[in-house]
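# Understanding the architecture of this molecule
Below, each chain spelled out in residue letters.
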Amino acid sequence: MAVEGGMKCVKFLLYVFLLAFCACAVGLIAVGVGAQLVLSQTVNQGATPGALLPVVIIAVGAFLFLVALVGCCGACKENYCLMITFAVFLSLIMLVEVATAIAGYVFRDKVISEFKKDFQKQMQTYPKDNQTALLLDGMQRDFKCCGADNYTDWENILVPKDRVPDSCCINVTQSCGLHFNVTNINTKGCVEKIGGWLRSSVLVVAAAALGIAFVEVLGIIFACCLVKSIRSGYEVM
């Protein structure tokens, strides 16, 4: 029977998409955890759009994994209720992912402004807090930057005034920031460099979320086809 053969093909493709969904779910969780770790080191956590985005991504990834298991069980047992549940929840996940992608794009500048404010605040505690000093030194060394806007931000923080943290030096050595020569240090601010990296990272995550949403649309279509077949009483296996 032609329809039966067609439904076997749809069922096989649905299994392939369910495997892809599991991989996407693990990927989303990994991206969310990574984003959370980065933001926890660069932006003070709070109930802000920028801080909540990684939590949303992790939650969506975990929920997608559970929904994929429901879809796998529904397809294997050809259970009408499970397949309907799978299609509905997958539609909700797709909408959340699209909303998250849009929110990430809209609030990308908000994340950078929060980062700048927190970086300047942490600079004030740099001489007194070893943990903060290690954090800022790591960022300045990794991103080859100095200060929030530029190296002159350290003038009123460190003593003497002609001093910057050693992590600002192009070639980092002990006390290289004392009585420095401008040609031997990184002069650009960290907000510009790290902010640009954060902006591009948000765009990559948003694009990935939209790509996964497109794959989920195909999964919803295949699930609906299988639901129609089950409801019509065709033998798929």
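You'll find the structure just up there.
### Digging into the packing of aromatic side chains
- A full pass over the atoms with the stated rule returns eight aromatic pairs.
- Taking 6.4 Å as the distance between ring centres and 40° as the angle between the ring planes, the aromatic pair formed by Phe 21 and Phe 86 counts as tilted. Remark: Phe 86 occurs in helix H3 (residues 80-106) and Phe 21 occurs in helix H1 (residues 2-42); sequence separation between them is 65 residues.
- Given the relative accessible area of 0%, Phe 21 is considered buried.
- What links up through ring pairs into an aromatic cluster is the set Phe 17, Phe 21, Phe 86 and Phe 222.

### Topic: the nonpolar core
- Leu 14, Phe 21, Leu 64, Met 83 and Phe 86 are the most contacted members of the largest nonpolar core, which has 30 residues in total.
- The set of elements that each furnish at least two residues to this core consists of H1, helix H2 (49-77), H3 and helix H6 (190-232).
- Among the elements that make up this core, the one with the highest residue count is H1 (ten residues).
- The contacts of Met 83, once residues within four sequence positions are left out, are Leu 14, Gly 71, Gly 74, Ala 75, Ala 223, Leu 226, Val 227 and Ile 230.
- Judged by nonpolar contacts, the second largest core, of 24 residues, contains Val 111, Met 123, Cys 176 and Cys 190.

### Describing the state of the cysteines
- This structure, assessed with the given rule, holds three disulfides.
- Paired through a disulfide, Cys 169 and Cys 176 show a sulfur-sulfur distance of 2.2 Å. Here the S-S torsion is close to 115°, and the disulfide linking Cys 169 with Cys 176 is therefore right-handed. The residues Cys 169 and Cys 176 share a single accessibility class, namely buried.

### A short note on helix H4 (residues 108-125)
- With 18 residues, H4 should reach 26 Å at 1.5 Å per residue; the first-to-last C-alpha distance of 26 Å fits that figure.
- For H4, every residue scored as buried is listed here: Arg 108, Val 111, Ile 112, Glu 114, Phe 115, Asp 118, Phe 119, Gln 122 and Met 123.

### Comments concerning a nonpolar patch on the surface
- Residues Val 26, Phe 63, Phe 65, Leu 66, Leu 69, Tyr 80, Ile 84, Val 88, Phe 89, Leu 92 and Leu 95 make up a contiguous nonpolar surface patch of about 930 Å² in total accessible area.
- Secondary-structure assignment places Val 88 in helix H3.
- Take Val 88: its relative accessible area is 45%, and that puts it in the partly exposed class.

### Let's talk about the packing of H4 against H6
- It is the contact of H4 with H6, at a shortest axis distance of 9 Å, that shows an interaxial angle of 150°. In terms of axis orientation, H4 runs roughly antiparallel to H6. The element H4 and its partner H6 pack so that their crossing is right-handed. Seen from H4, the contacting residues are Arg 108, Asp 109, Val 111, Ile 112, Phe 115, Lys 116 and Phe 119; seen from H6, they are Cys 190, Val 191, Ile 194, Gly 195, Leu 198, Arg 199, Val 202 and Leu 203.
- Within the contact of H4 with H6, the residues separate by chemical class into ten nonpolar, one polar and four charged.

### Things to note about the packing of H3 against H6
- Their axes nearest at 8 Å, the elements H3 and H6 cross at an angle of 160°. The angle between H3 and H6 falls in the class roughly antiparallel. Crossing geometry of H3 relative to H6 is assigned as left-handed.

### Regarding the environment of Ala 213
- Within the secondary structure, Ala 213 sits in helix H6.
- The class of Ala 213 is buried, set by a relative accessible area of 4%.
- Residues Ala 213 and Leu 95 lie 118 residues apart in sequence; the distance between their C-alpha atoms is 7.9 Å.

Each value, and the rule that gives it
- Residues numbered from 1 in each chain as written.
- Predicted model: local features only at pLDDT ≥ 70, side-chain atom pairs only at ≥ 80, totals over all residues.
- Heavy atoms only, no water.
- Phe/Tyr/Trp six-rings, centres within 6.5 Å; stacked < 30°, edge-to-face > 60°.
- Helix = DSSP H or I, 4+ residues; strand = E, 2+ residues; numbered from the N terminus.
- Buried < 20%, exposed > 50% of the residue type's maximum accessible area, 1.4 Å probe, protein only.
- Core = buried A, V, L, I, M, F, W, Y, C linked by side-chain atoms within 4.5 Å.
- Contact = heavy atoms within 4.5 Å.
- Disulfide = S-S within 2.5 Å.
- Expected span 1.5 Å × (residues − 1).
- Patch = residues over 30% accessible without salt bridge, like charges linked within 9 Å, V, L, I, M, F, W, Y side chains within 5 Å.
- Areas by Shrake-Rupley, 256 points an atom, 1.4 Å probe, with all protein chains shown as cover.
- Salt bridge = Lys/Arg side-chain N within 4 Å of Asp/Glu carboxyl O.
- Axes fitted to C-alpha atoms, helices over the stretch in contact; angles between N-to-C directions.
- Parallel < 35°, antiparallel > 145°, perpendicular 65-115°, else oblique.
- Left-handed = near helix turned anticlockwise from the far one by under 90°.
- Nonpolar A, V, L, I, M, F, W, Y, C, P; charged D, E, K, R; others polar.

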